[in-house]
Amino acid sequence: MSRDRAGRHLPVIVTLVVAMALTMMPLPPAADPFRPDWVALLMIFWAFSLPRSYSVGIAWVIGMVLDVAHGTLLGQHALAMCVVVFLTVRFHLQMRVFPLLQLSATVFALLGLYQFLLFWINGVANVSAPAVAYWGPVVTGTLLWPLLFNFLNGIRYRVQLRS
């Protein structure tokens with residue numbers, strides 16, 4: 001891999017590692033249900049920004065890592081992540097013209113779908129969790145999306161300028 005190519009992939013790798021760390025970081029019991037889905041948010045952003053490089057295959061690998069890290073059913077997060085990333089890649093050209101508020105609503109729908117798929121798989125496996133454990137991350141992720149989008153867009157812009 002050339003040095004330029006490695007430099008372009010470095011921000012994605014670093015942000016995904018940080019997202020994994022934020023996902024695994026312990027929080028107080030009252031705040032834990034409201035932990036944003038950092039990895040899902042970042043996969044949505046990178047699939048939206050670089051759909052040819054970060055698509056369903058990467059989403060599957062990242063989802064499997066999440067499954068192992070959380071100790072959940074193997075393939076649960078992978079399936080949900082693949083569906084969300086597929087929809088993001090499929091509609092990324094339409095989403096690019098959305099204003100930030102409409103893009104945030106779209107991210108709300110994608111995160112809601114992600115959590116619904118996790119809820120459905122847990123229901124089939126007879127694993128129960130309170131409703132706030134599914135809706136809390138959707139709300140906090142949607143509220144954080146504009147900040148995360150602007151921050152990551154700045155990083156992506158700086159990396160493109162260097163290349």
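Residues numbered from 1 in each chain as written. Predicted model: local features only at pLDDT ≥ 70, side-chain atom pairs only at ≥ 80, totals over all residues. Heavy atoms only, no water.

Quick look at the nonpolar core
Reasoning step 1: Counting 41 residues, the largest nonpolar core has V39, M43, M81, Y114 and W145 as the members making the most contacts within it.
Reasoning step 2: Looking at this core, the elements that each hand over two or more residues are α1 (3-24), α2 (38-49), α3 (56-70), α4 (76-90), α6 (100-124) and α7 (132-162).
Reasoning step 3: With near-sequence residues (within four places) excluded, M43 lies in contact with L16, S55, I58, A59, I62, M81 and V85. (Core = buried A, V, L, I, M, F, W, Y, C linked by side-chain atoms within 4.5 Å. Buried < 20%, exposed > 50% of the residue type's maximum accessible area, 1.4 Å probe, protein only. Helix = DSSP H or I, 4+ residues; strand = E, 2+ residues; numbered from the N terminus. Contact = heavy atoms within 4.5 Å.)

Let's talk about α4
Reasoning step 1: Relative to the 21 Å expected for 15 residues at 1.5 Å per residue, α4 spans 21 Å between its end C-alpha atoms, a close match to the ideal helical length.
Reasoning step 2: For α4, every residue scored as buried is listed here: Q76, H77, A78, A80, M81, C82, V84, V85, T88 and V89. (Expected span 1.5 Å × (residues − 1).)

Quick notes on the packing of α4 against α6
Reasoning step 1: At a minimum axis distance of 9 Å, the contact between α4 and α6 shows a crossing angle of 150°. It follows that α4 is roughly antiparallel to α6 by the angle criterion. Judged by the twist between their axes, the crossing of α4 over α6 is right-handed. In contact with Q76, H77, L79, A80, M81, V83, V84, L87 and T88 of α4, α6 contributes L110, L113, Y114, L117, L118, I121 and N122.
Reasoning step 2: Taken together, the residues of the contact of α4 with α6 sort by class into twelve nonpolar, four polar and no charged. (Axes fitted to C-alpha atoms, helices over the stretch in contact; angles between N-to-C directions. Parallel < 35°, antiparallel > 145°, perpendicular 65-115°, else oblique. Left-handed = near helix turned anticlockwise from the far one by under 90°. Nonpolar A, V, L, I, M, F, W, Y, C, P; charged D, E, K, R; others polar.)

As for the environment of V127
Reasoning step 1: Within the element layout of this structure, V127 appears in the loop between α6 and α7.
Reasoning step 2: C-alpha of V127 to C-alpha of A80: the two residues are 47 residues apart in sequence and 16 Å apart in space.

Topic: the packing of aromatic side chains
Geometrically, a pair of aromatic rings is defined through the distance of the ring centres and the angle of the planes.
Reasoning step 1: On inspection of all chains with the given rule, the structure shows six aromatic pairs.
Reasoning step 2: Between the aromatic rings of F45 and W46, the centroid separation amounts to 4.9 Å while the plane-to-plane angle is 75°, which identifies the pairing as edge-to-face. Each member of the pair F45 and W46 is classed as buried.
Reasoning step 3: Through a chain of ring-to-ring contacts, the aromatic side chains of F45, W46, F48, W145 and F149 assemble into a single cluster.
Reasoning step 4: Directly above the ring of F91 sits R90, whose terminal nitrogen or CZ lies 5.0 Å from the centroid.
Reasoning step 5: The side chain of R96 reaches across the aromatic face of F48, ending 5.7 Å from its centre. (Phe/Tyr/Trp six-rings, centres within 6.5 Å; stacked < 30°, edge-to-face > 60°. Lys NZ or Arg CZ within 6 Å of the ring centre and 35° of its normal.)

Read these as spatial facts, not as claims about activity.
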